[in-house]
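Spelled out from the first residue to the last, the chains are:
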Amino acid sequence: MAQPHLMIHIVPGKCDYCGCCVGVCPEDAIELMESKIAIIEERCTNCRKCVWACPWEVIEFHREGIAHLPTQIPQLVNDPTA
Amino acid sequence: MNNDYDIIVVGAGPAGSTAARYAAAGGAKVLILEKDRDVGYPVRCGEAVSHEGIVQFITPDPKWIASTVTKFRLVAPNGKSVLPKLDGTGYVLERRIFDYELAKLAANEGAEVITKAYVYDLLRENGKIVGVKTLIKDKKTEIRAAVIIAADGVESRIGKMAGIDTTCHIRDMESCAQMTLSGIDVEEDVLEFYLGDSISPGGYLWVFPKGKHTANVGLGLSVEAAKKKSAIKYLQEFVDRKYPNAAMLTQIAGGVPCAKTNPEIVKGNVIIVGDAAHQVNPVSGGGIISGMIGGMIGGQTAAESILSGDINHLQEYEKRWHKRLGWRHEIFYNIKDAIAGFHDDTLNDICNSALTIPEEKRTLGGIFRTALWNKPSMILDVAKVFVS
Ligand SMILES: Cc1cc2nc3c(=O)[nH]c(=O)nc-3n(C[C@H](O)[C@H](O)[C@H](O)COP(=O)(O)OP(=O)(O)OC[C@H]3O[C@@H](n4cnc5c(N)ncnc54)[C@H](O)[C@@H]3O)c2cc1C
Ligand code: SF4
Ligand code: SF4
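Here's a quick rundown of the structure. Nothing here was measured: the structure is a model prediction, and the numbers come from that model.

Next up on the list: the overall build of chain B. Summing up its helical and strand segments, chain B has 11 helices and 17 strands in all. The C-alpha radius of gyration of chain B comes to 21 Å, within 12% of the 21 Å expected for a compact globule of 388 residues. Principal axes of the C-alpha set define a box for chain B whose edges measure 70 × 45 × 40 Å. With 388 residues in all, chain B has 57% of them scored as buried. Look at the contacts in chain B between residues 6 or more apart in sequence, and 68% of them connect residues 24 or more apart. Surface summary for chain B: the accessible area is close to 16,500 Å², and the carbon and sulfur share equals 52%. Distance between charge centroids for chain B: 1 Å, based on 45 positive and 46 negative side chains.

What follows is about the packing of helix α1 (residues 14–25) of chain B against helix α3 (residues 95–108) of chain B. All names here are of chain B. Direction vectors running N to C along α1 and α3 enclose 20°, while the axes themselves pass 7 Å from each other. Taken together, the axes of α1 and α3 are roughly parallel relative to one another. Both α1 and α3 take part in a crossing whose hand is left-handed. Judged by residue contacts, Pro 14, Ser 17, Thr 18, Ala 20 and Arg 21 of α1 engage Arg 95, Asp 99, Leu 102, Ala 103, Leu 105 and Ala 106 from α3. When its residues are assigned to classes, the contact of α1 with α3 shows 6 nonpolar, 2 polar and 3 charged.

If you look at the interface, chain A gives 27 residues, while chain B gives 35 residues. Summed over both sides, the interface of chain A with chain B buries roughly 2,500 Å², with 56% coming from carbon and sulfur. It is Glu 34, Trp 52 and Trp 56 of chain A in chain A that bury the most area against chain B; as a group they hold 24% of the surface buried on that side. Seen at the junction of chain A and chain B, the total is 5 salt bridges. With a shortest N-O distance of 2.6 Å, Asp 16 of chain A and Arg 44 of chain B are connected by a salt bridge.

Counting residues in each nonpolar core, the largest one holds 69 residues, and the members touching the most others are Ile 7, Val 30, Phe 98, Ile 148 and Ile 149 of chain B. No other element matches the 9 residues that helix α7 (residues 288–308) of chain B contributes to this core. The two domains that each donate at least three residues to this core are domain 1 (4–40 + 96–167 + 262–328) and domain 2 (48–93 + 170–257) of chain B. Beyond its immediate chain neighbours, meaning those up to four positions away, Phe 98 of chain B contacts Ile 54, Ile 58, Trp 64, Leu 93, Ile 288 and Met 292 of chain B. Counting residues in each nonpolar core, the second largest holds 52 residues, with Val 51 of chain A together with Ile 170, Ala 215 and Val 223 of chain B among its members.

Residue and element names in this part refer to chain B. With 10 of its 10 residues buried, strand β11 (residues 173–182) lies for the most part within the structure. Burial of the side chains of β11 extends over both faces: Met 173, Ser 175, Ala 177, Met 179 and Leu 181 are buried on one face and Glu 174, Cys 176, Gln 178, Thr 180 and Ser 182 on the other. As judged from the 10 bridges shared by β11 and strand β15 (residues 247–257), these two strands associate in the antiparallel manner. From the neighbouring strand, Thr 180 faces β15, where its bridge partner is Thr 250. The sheet contact formed by β11 and strand β14 (residues 214–222) spans 9 bridges and is antiparallel.

Of note, the bond from Tyr 41 of chain B into Pro 42 of chain B is cis; its omega dihedral lies within 30 degrees of zero at -5°. Mapped onto the elements of the fold, Pro 42 of chain B is located in the loop between β2 (30–33) and β3 (48–50). At Glu 57 of chain A, a position not held by glycine, the phi torsion is positive, near 55°. With a phi angle near 45°, Lys 137 of chain B is a residue other than glycine that sits in the positive phi range.

Rules used throughout
- Residues numbered from 1 in each chain as written.
- Chains lettered and ligands numbered in written order.
- Predicted model: local features only at pLDDT ≥ 70, side-chain atom pairs only at ≥ 80, totals over all residues.
- Heavy atoms only, no water.
- Helix = DSSP H or I, 4+ residues; strand = E, 2+ residues; numbered from the N terminus.
- Rg over C-alpha atoms; globule rule 2.2 N^0.38 Å.
- Buried < 20%, exposed > 50% of the residue type's maximum accessible area, 1.4 Å probe, protein only.
- Contact = heavy atoms within 4.5 Å.
- Areas by Shrake-Rupley, 256 points an atom, 1.4 Å probe, with all protein chains shown as cover.
- Lys, Arg positive; Asp, Glu negative; His and termini not counted.
- Charge placed at Lys NZ, Arg CZ, Asp CG, Glu CD.
- Axes fitted to C-alpha atoms, helices over the stretch in contact; angles between N-to-C directions.
- Parallel < 35°, antiparallel > 145°, perpendicular 65-115°, else oblique.
- Left-handed = near helix turned anticlockwise from the far one by under 90°.
- Nonpolar A, V, L, I, M, F, W, Y, C, P; charged D, E, K, R; others polar.
- Buried area = accessible area lost by both parts, 1.4 Å probe.
- Salt bridge = Lys/Arg side-chain N within 4 Å of Asp/Glu carboxyl O.
- Core = buried A, V, L, I, M, F, W, Y, C linked by side-chain atoms within 4.5 Å.
- Domains from an automatic or database assignment.
- Pairing = 2+ DSSP bridges.

That's the geometry; what it means functionally is another story.
This is the structure in structure tokens:
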């Protein structure tokens, strides 16, 4: 089985949609709408900057990866591979 | 193919609405797209501004002023405090109404505004940016324009889509938390700042009054410092200690890019203004007025480009911004660097020596001069502010 790539996880329902994490993400890997947020998995390098930036501790880092957790929100609008 | 608009502004914060206002006043056909349902809400801001800054754009109106302030209190880590006068008057705003008024000023000049309109990509044709792709009330829509102004705040992605790297270094991003507390006693005309390693290391905590019994209580600290402990933890500890019985009306998270202006703020037919361009006073984190100044210059320059048909003229925006305010932010950035290195001892010393100044002479400059006089070793710290 392939190693899950994504190691950061935005805890559903806890986010305030403030954008601090988006502002520090070097890969433009976070998509933020009025009340939706998602990681663009293909771009994320698991650098953890967003984890540190989040004032409310909404983003968690999991060493073992989290790609298969059912709580992951699907891609919002963008097709990152396009 | 014809354009739908001359200029599309992404984001209806202070920077975006001001850009749209001046672009429309300059003769361009302007559309603002805002992702949120309401302009001005949610409010992610301490809401403090100077009178001097505001009157450049709008006449102060009680309907969006919560408090008028004339003094500020610096509270040192050891609990001692000084209460100097502000250089001029200041206000704590109701940004929910203020931002709305700014959007109305843009509309009065002829700009159109659409809310619940999330811009998710730029529209390209033959490699050229010709507009935006947006979700308007969940419906995908393409809108064409000659110039795009990205005023999309700290969460900006439009610049990146156009090839401008706007990532804020974690050293410079301030991770913020704020609660609006009610049922507390505050002095209506005083902005309070708490300093210290245990309060908000390298940053500060603010208590900005909104009337006699309500205040915005918040703090910001560098993401670098927040690695160890988050903004909300620091804030919760302070509030539990200082205002244990307060009613919490709102709480918000936020980020402020306390950096120098982004190295690039114009590319082809895209310009960025406000927080998106890091047009923030790097010491105070104040970005309302600076963003409006950036927006004004950006909007004016964009309208000139449209009317003259010369897109290269947009480059003037970058020059004009640096001449007006960008250069000052560079100096402030160096000051911030030095202050960030101040630890509790230095902060206590500054406060102690300030207390020796007669009250009527306690201004920020006076405090620093006296602090230096009483503790010459501080010269080394302050020298760092002006050198480099
Ligand atoms: C906790 C906190 C306290 C602060 N306190 C103060 C203070 O006391 N005084 C002061 O002067 N400054 C303060 N600031 C800074 C100030 O709030 C900002 O500098 C200011 O709001 C910047 O204005 P702006 O127009 O650039 O961005 P914003 O006001 O952030 O506006 C950006 C707008 O763009 C919209 N947007 C983003 N992406 C998209 C998209 N893709 N499509 C459509 N719309 C989009 C957003 O919804 C938002 O409405 C504070 C900031 C924080 C976080
Ligand atoms: S871990 Fe790094 S790359 Fe991934 S979303 Fe967070 S900041 Fe971006
Ligand atoms: S920084 Fe935290 S609260 Fe703010 S948008 Fe990102 S995950 Fe949500």
